[in-house]
Amino acid sequence: MALLQVAPEKTFFLCDNQPFFYLADTCWSAFTNITLEEWEEYLNYRKLQGFNALQINVLAQWDASLPYLYFPFKRDSEGNFSSFELDEGYFDRAEKMLKMAKEKGFILALVLLWCNYVPDTWGSERKMNPVMPLEVMENYVKYVVGKFSKFEPIWIISGDTNFGSEKTVDYYLTALQIVKSISPDALTTFHLNPPSDLPERIVASSLLDFYMYQSGHGREEQNLPYTLAQRFYNKSVKRPVINGEPCYEGHAYGGTKNGRFSAFDVRKAIWQSLLSGAKGGVAYGAHGIWSWHRRGREFRGMEFSGEPFEWRDALRLEGAWDAGFAKKIFEEYHLFDLEPAQHLLLNSVEEIRVAKSQDGEKLAIYSPFDDRVTLRFDLRGYKVVGVDLSKRQWLMPEVTLDRDISTIEMVPQNSDFLFLIWKIT
C-alpha cells in the first residue's frame, strides 16, 4: 500500500492518488496481549469486514486485561519495573506483528505516548506508573520511530490525553519534532481525552497533519460525535478530521452499570461524525478487543468500562459490519466532497445531521430515528434513496415538495436511516 497523504482539499486523505476512507479498528493492547496465532486470526477477520487501518498503543495499555503476556520494559523477578529500560525482544516481536499486518494491506496507526507516561495529564495524576523522564522519552521515541518507520505508520503522538500544563504540551511537541526529523513524510496526529481540545501551539505547528478527536463512552456525552467534528472542522488551520474513538460496542455507559452501547449507538456516532465534518474517516472499537480480554482474567478498567467480552466474542459483534458498510457507502457514493449543512434542516433536532456538496448537486442526511425530514432545499430534479441501516436495506422514500421546502416522508420501518440525494437533471 502506498504512503497515505493529505488531499489538496485538506479534508480527507489520498492513497495512490485516490480518495481514502480511514476505517480503523481499535486494538490498543496488541503488542502486550496477543499471540501471533491470535493476531493472524484477528487480521483475517477484520480484513474480511473492510477495515484498512489498526490503532495500536506501542507501550503497555494501563487498562488492558491482565496479566500482560509481553512487556516493553525490563522487569525484576516479581514482574515490576523501576526504570524505562527497553526490552528489545518486545519490540522485535511487535515488528513481526506490524509486518504481518502490513502484508495484509493495513495502515498502522501507532500511539507513542499514552497520557499516563506524560506529566500533568489526568493519567499521570492517577499514578498508574512513573512518568517517563524527558530524556528517556526522547530516546524511546527515537528508537521506536527508527525501528518502525519502514512500515510507514501514522504516528499518534498522544493517547487519551488532556493538557494539564505547558510542560505537557512541551513533552508532546518534542515527540512530534523527533518523529518528523526521522520520518518527515509520515502523517501525525493526537488522540485526545473528550472533550479536550488541542492547545493552539499544537494547532499552529506545521508538523501536525490531521485532527483526531474522541467522542467517548459517557451516555450523556453522545452529542460529542457531531459537536467535536464541527469544532475541529472549523479550526483556523484546515486539516482532515477523524473520530478516532466513538463509543465502543459493548462498553458500559462510562462509570455506570446500567447499560451498554449497541451497534445502533456505534452507527449513530459514525454517521453523525462523518456528516458533521469528520470525513477523513472513523475508528471502531469492540469492548474486549481493545484490551484483548480473556475470560476469567483481571480487567483493570472495570470501574469505568464494565466487564469486557472475551476477545473472540467481541471480534464478532455486529457493529463492526456497520462500520465497514459505512466505508463502502462513503467510497462508492464519493461523499468526500460533502460539507456540513445543518442550516438546511427545518426539523429542530440536532441529532439529524445534514451535509451537502459545495455545488449543491449532492446531499446526505442521517436520522437516528424514523420521522419526516424537512429541508429548506428544492429537491426537484434530484434522486433520493434511503438505507435502513439496521438491516443494510435500500429503499425509495416518498418525497413531497412545496416551493423551496422538501420533505422526506416517514418510512414505515422503525430504524435509523441514511438518505443519499443527488441531482439527475
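Quantities reported herein were computed from a predicted structural model and do not represent experimental measurements.

1. Details of the overall build of the protein
Phase 1 of the analysis: Regarding its fold elements, the protein presents twelve helices and 22 strands.
Phase 2 of the analysis: A compact globule built from 425 residues would reach a C-alpha radius of gyration of about 22 Å, and the protein, at 22 Å, matches this within 12%.
Phase 3 of the analysis: For the protein, the spread of C-alpha atoms along the principal axes amounts to about 75 × 45 × 40 Å.
Phase 4 of the analysis: Counting across all 425 residues of the protein, residues that qualify as buried make up 62%.
Phase 5 of the analysis: Long-range contacts, defined here as pairs at least 24 residues apart, represent 71% of the contacts in the protein between residues at least 6 apart.
Phase 6 of the analysis: The positive charge centre, built from 47 side chains, and the negative charge centre, built from 57, are 2 Å apart in the protein.

2. Observations regarding the pattern of salt bridges
Phase 1 of the analysis: Tallying each qualifying case throughout the model produces 28 salt bridges.
Phase 2 of the analysis: Taking the shortest distance from any N to any O, the salt bridge between Glu 103 and Lys 99 comes out at 2.6 Å. Of this pair, Glu 103 and Lys 99 both sit in helix H3 (residues 88–103), separated by four residues, roughly a single helical turn.
Phase 3 of the analysis: The exposure class of Glu 103 is exposed, given its relative accessible area of 58%.
Phase 4 of the analysis: The partly exposed category is assigned to Lys 99, whose relative accessible area is 45%.
Phase 5 of the analysis: Here Glu 166 makes a salt bridge to Arg 201, at a shortest N to O gap of 2.7 Å. With Glu 166 in helix H6 (residues 166–182) and Arg 201 in helix H7 (residues 200–203), this residue pair connects regions lying 35 residues apart in the sequence.

3. Side note on the layout of surface pockets
Phase 1 of the analysis: Size it by volume and the largest pocket reaches roughly 420 Å³.
Phase 2 of the analysis: Surrounding the largest pocket, 24 residues form its lining, Trp 62, Asp 63, Trp 122, Asp 160 and Phe 304 being those nearest its centre.
Phase 3 of the analysis: When residues of the lining of the largest pocket are assigned to their parent elements, the largest contribution, four residues, is made by helix H10 (residues 302–305).
Phase 4 of the analysis: Residues that form the lining of the largest pocket fall into these classes: nine nonpolar, eight polar and seven charged.
Phase 5 of the analysis: Within this model, the second largest pocket holds a volume of roughly 180 Å³.

Here is what the cut-offs are and how they apply
Residues numbered from 1 in each chain as written. Predicted model: local features only at pLDDT ≥ 70, side-chain atom pairs only at ≥ 80, totals over all residues. Heavy atoms only, no water. Helix = DSSP H or I, 4+ residues; strand = E, 2+ residues; numbered from the N terminus. Rg over C-alpha atoms; globule rule 2.2 N^0.38 Å. Buried < 20%, exposed > 50% of the residue type's maximum accessible area, 1.4 Å probe, protein only. Contact = heavy atoms within 4.5 Å. Lys, Arg positive; Asp, Glu negative; His and termini not counted. Charge placed at Lys NZ, Arg CZ, Asp CG, Glu CD. Salt bridge = Lys/Arg side-chain N within 4 Å of Asp/Glu carboxyl O. 1 Å grid on protein atoms, 1.4 Å probe; cavity = no way out; pocket = protein on both sides within 12 Å on 5 of 7 lines; lining within 4 Å. Points joined across faces, edges and corners; volume = space filled by probe spheres on them. Nonpolar A, V, L, I, M, F, W, Y, C, P; charged D, E, K, R; others polar.

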